[in-house]
Amino acid sequence: MMMQPIIESEKDLKAVLSEIKSGKDVDAAQLLYYTNEVNQNSLTVNMCNAMVKERGDTLKTCTQKW
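First, a word on what this report is: a plain description of the structure on this page. (Residues numbered from 1 in each chain as written. Predicted model: local features only at pLDDT ≥ 70, side-chain atom pairs only at ≥ 80, totals over all residues. Heavy atoms only, no water.)

**So, the pattern of salt bridges**
1) Next: Evaluation of the coordinates by the stated rule reveals two salt bridges.
2) Next: A salt bridge links Lys11 to Glu8; the shortest N-O distance between them is 3.7 Å. With Lys11 and Glu8 both in helix α1 (residues 3–21), this residue pair falls three residues apart, about one helical turn.
3) Next: Lys11 sits in the partly exposed class, given a relative accessible area of 48%. (Salt bridge = Lys/Arg side-chain N within 4 Å of Asp/Glu carboxyl O. Helix = DSSP H or I, 4+ residues; strand = E, 2+ residues; numbered from the N terminus. Buried < 20%, exposed > 50% of the residue type's maximum accessible area, 1.4 Å probe, protein only.)

Structure follows, in structure tokens:
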């Protein structure tokens, strides 16, 4: 369930990176867009990480109480 947002975010990031790697001139707007994609990817991964950690902590607590 949580892998899909990460996969989509990385796909978008790779698409933007391929534009920059193509060797064409890159303007400031493209660099700003790329920076935004990197930030979105980081945020997506951090949110998924927090959800997985919270779920793990909940399961650990339930197991300890059981």
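**Considerations on α1**
1) Next: Taking 1.5 Å of rise per residue, the 19 residues of α1 would be expected to cover 27 Å, and the 26 Å separating its terminal C-alpha atoms lies within 8% of that figure.
2) Next: For α1, the set of buried residues is Ile6, Ser9, Leu13 and Val16. Across the axial projection of α1, the buried residues extend over an arc of 100 degrees, all falling on one side. Turned more than 90 degrees from where α1 packs its buried face, Met3, Lys14 and Lys21 sit exposed.
3) Next: Packed against the buried residues of α1 are α2 (28–65).
4) Next: At the exit of α1 stands Gly23, carrying a positive phi of roughly 95 degrees. (Expected span 1.5 Å × (residues − 1). Arc of directions from axis to C-beta. Contact = heavy atoms within 4.5 Å.)

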